[in-house]
Amino acid sequence: MSVTGDGTLTETTTATQAEVASPRLRLTDPKSEVAIAGPSAETIAARGTETEREVVFRAREVSVNYGEKRAIEHVSMDIHRNYATALIGPSGCGKSTFLRCMNRMNDSIVGFRLGGELLYHGHDLYDLRANRVEVRRRIGMVFQKPNPFPKSIYDNIAWAARNLGMRDNLDERVERALRGAALWEEVKDRLKSSALGLSGGQQQRLCIARAIAIEPDVLLLDEPASALDPIATASIEELIHELKLRYTIVIVTHNMQQAMRVADKTAFFSLDETRIGTLIEYDDTDKLFSRPTDGRTRDYITGQFG
Amino acid sequence: MSAITPDPAHSLTPSGNLVRRQLINRVFLAATVGAAGLAVLVLFILVYYVAKHGLGQLSFSFLFSQLPADAPNAPGGIGPALLGTVELVLIATVIALPVGVLLAIYLSEFAGPRANSLLRTLLDLMAGLPTIIAGIFVAGLIARRIGESAFAGGIALSIVEVPLIARASLESISRVPSTLREAADALGIARWRSIVGVVLPTASSGIVTATILAVARAAGETAPVLFTCDLFAQNFSVDPRHSIASVPLEIFNLMESGYPSAVDKAWGAALVLMIVILAMNISARVWLRRGERKRGL
């Protein structure tokens, strides 16, 4: 078995993975519904997509300290390309902390220190030579509260692109980004008006458009719908399904239904015995919510937490 | 009937020591209203008095013509002084605006807590510095070498302006939500770029307001230009290498001369200066409110 309950990948090569007929492994393909013990053509195909699915982030024993205080520890997980991966868990369990480690947004916090290893396409994100501006240019982020710039709708999207040297066909780029964020039809006639005049849900989609306009590789979403009403939330969720075709998505959410609706894989974070946040269980979303292996996950998803 | 545990049977009129407490309440209220009223009254009387004396002087020639040299009682106006004040303030602001804003950016975006508290204290000290000391400092250090001139006067006034611009800009920049900086960071924008592209435009109305208030303050300052920009310059002149007239010094000269007609002109000049400064203050505030509403601050 290659993927264990807490998400750690044991030292197995691709060859050994292919030999082991693991039900868990088969289940990692959401499309596969046939449960059989022996390797069939279907399971081999399903396994193939999993083992070949590129790992974007590889966390190994990641821990985070803020000064003396340890926020998270023992986080080991792989995040795969073109998947939407949800991080769920109670408040204070470190899921946002972990998310913000992935594009080094925690760097400016005084006393922040990361232990273990956090690789992005095999590159150590916290290597001394890794430039955080470059990291963030590739790994975009959308925040809990919509934070459009006090500029026009157009400039909100064009500003970063222009600064990164993407000056050609800027109008097209803006339109593409707005279409990508399912906002174009609503704003195409008022691109020059202030982004602050948009509704909360529109502002959040504008922030998504702004993030994808510079063509990042990964989108990190930090509770992107928590400040929105149900209709705006639904439109953001619908959008995530489309976005993951082009980007790798990692989403922190408080809302378990949301994780079930949008995520291919879900990681459950919680506090361990020493009240430090850690990864409890990481699995396919279907599996994690229907047959969790850890009692703490079960308690949380059935509402018996604490 | 006890004051500690109210008797439910007692009517809801004040009981116990409430009558006394209400009286104290009214006395304090009256004191605060009185103080506020006094301040407004003083300003009102001041404006009224200056207007009453100065209004008669206002005319086209008073604003745009010059006083004949060495004859303060002869007819003439404060044209050179108005022009000179504009130039002095312009020189001061060209120096003070970049210094003040850069200082504010350093304090809000880069400085650590220790540098921050040190520099903020120094700025407060600088703001509280008697302006005549700024004047004597520039007179000794600069005017002595390059001579009394508009340039030296502008430098002295810039010392007055820097702490005002820096402090108010700092406050405005600090009010730019950190979420906007985060948004820019998350787009892979280098820090300096996001300051220029997001932080400063968002804080711009506050910075403009700070600048207008500093300009208004500098325009009325007398002491900094006293030793740095010759008292008796009275001709139309814009050459910054030479002394030029300024409205505060013109008022000083006219009052000192003692001629009744000159004193009348001093009132007129005071009225002009007051109107200009009040107008600048009011427009600064309007600008701030409108700009901040537009930028969602």
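Okay, so let's go over this structure. (Residues numbered from 1 in each chain as written. Chains lettered and ligands numbered in written order. Predicted model: local features only at pLDDT ≥ 70, side-chain atom pairs only at ≥ 80, totals over all residues. Heavy atoms only, no water.)

Before going further, it helps to examine the state of the cysteines. A covalent bond between the sulfur atoms of two cysteines is referred to as a disulfide. Counted by the stated rule, this structure contains 0 disulfides over all chains. In this structure Cys 93 of chain A is not part of a disulfide, and its nearest cysteine sulfur, from Cys 101 of chain A, lies 13 Å away. (Disulfide = S-S within 2.5 Å.)

Okay, the interface of chain A and chain B next. Facing the 23 residues of chain A at the interface are 19 residues of chain B. Overall, the association of chain A and chain B removes approximately 1,600 Å² of surface from exposure, summing both partners, and the carbon and sulfur fraction of that is 69%. Looking only at chain A, the three residues that lose the most surface to chain B are Phe 149, Pro 150 and Trp 159 of chain A, adding up to 30% of its buried area. Inspection of the region where chain A meets chain B yields 1 salt bridge. Across the contact surface, chain A and chain B share 4 residue pairs in polar contact (both at pLDDT 80 or more). When grouped by side-chain class, the residues that make up the side of chain A that touches chain B number 14 nonpolar, 4 polar and 5 charged. (Contact = heavy atoms within 4.5 Å. Buried area = accessible area lost by both parts, 1.4 Å probe. Salt bridge = Lys/Arg side-chain N within 4 Å of Asp/Glu carboxyl O. Polar contact = N/O pair within 3.5 Å; in protein donor to acceptor, adjacent residues only side chain to side chain. Nonpolar A, V, L, I, M, F, W, Y, C, P; charged D, E, K, R; others polar.)

Residues and elements named next belong to chain B. At a closest axis distance of 8 Å, the pairing of helix α3 (residues 79–110) and helix α10 (residues 247–257) adopts a crossing angle of 145°. Judged by residue contacts, Ala 81, Leu 82 and Thr 85 of α3 engage Val 247, Pro 248 and Glu 250 from α10. Residue classes in the contact of α3 with α10 are distributed as 4 nonpolar, 1 polar and 1 charged. (Axes fitted to C-alpha atoms, helices over the stretch in contact; angles between N-to-C directions. Helix = DSSP H or I, 4+ residues; strand = E, 2+ residues; numbered from the N terminus.)

Residues and elements named next belong to chain A. A full pass over the atoms with the stated rule returns 26 salt bridges over all chains. Note that Glu 73 and Arg 70 form a salt bridge whose closest N and O atoms lie 3.1 Å from each other. With a relative accessible area of 11%, Glu 73 lands in the buried category. Salt-bridge contacts for Arg 205 lead to Glu 186; the nearest nitrogen and oxygen are separated by 2.8 Å. You can see Arg 205 sitting in helix α9 (residues 200–213) and its partner Glu 186 sitting in helix α8 (residues 184–187), a full 19 residues away along the chain. Classification of Arg 205 by relative accessible area gives buried; the value is 8%. Through salt bridges with shared partners, a single network forms among Glu 175, Arg 179, Glu 185 and Lys 188. (Buried < 20%, exposed > 50% of the residue type's maximum accessible area, 1.4 Å probe, protein only.)

With that settled, consider the pairing of strand β8 (residues 248–252) of chain A. Residue and element names in this part refer to chain A. Most of β8 sits inside the fold, with 5 of its 5 residues counted as buried. As paired strands, strand β3 (residues 84–88) and β8 are joined by 4 bridges and run parallel to one another. Within β8, the residue paired with Leu 87 across the bridge is Val 252. Across 5 bridges, strand β7 (residues 218–222) lies against β8 in parallel orientation. Directly across from Leu 221, in β8, lies its bridge partner Ile 251. Taken together, β7, helix α10 (residues 230–246) and β8 constitute a β-α-β crossover, and its handedness is right-handed. (Pairing = 2+ DSSP bridges. Right-handed = clockwise from strand over helix to strand, strands pointing away.)

Another aspect to go through is the packing of aromatic side chains. Residues and elements named next belong to chain A. Counted under the stated rule, the structure contains 8 aromatic pairs over all chains. Taken together, a centroid distance of 5.5 Å and an interplanar angle of 45° make the contact between Phe 57 and Tyr 120 tilted. Note that Phe 57 is positioned in strand β1 (residues 55–66) and Tyr 120 in strand β4 (residues 112–120), a separation of 63 residues in sequence. This pair shows no difference in class: Phe 57 is buried, exactly as Tyr 120 is. Ring geometry for Tyr 66 versus Phe 112: centroids 6.1 Å apart, planes at 45°, classification tilted. With Tyr 66 in strand β1 and Phe 112 in strand β4, the pair connects residues that are 46 residues apart, well separated along the chain. Judged by relative accessible area, which is 25%, Tyr 66 ranks as partly exposed. Over the aromatic face of Tyr 126 sits the side chain of Arg 104, whose NZ or CZ is 5.1 Å from the ring centroid. Of note, Lys 192 hangs over the ring of Tyr 154, and the distance from its end group to the ring centre comes to 4.2 Å. (Phe/Tyr/Trp six-rings, centres within 6.5 Å; stacked < 30°, edge-to-face > 60°. Lys NZ or Arg CZ within 6 Å of the ring centre and 35° of its normal.)

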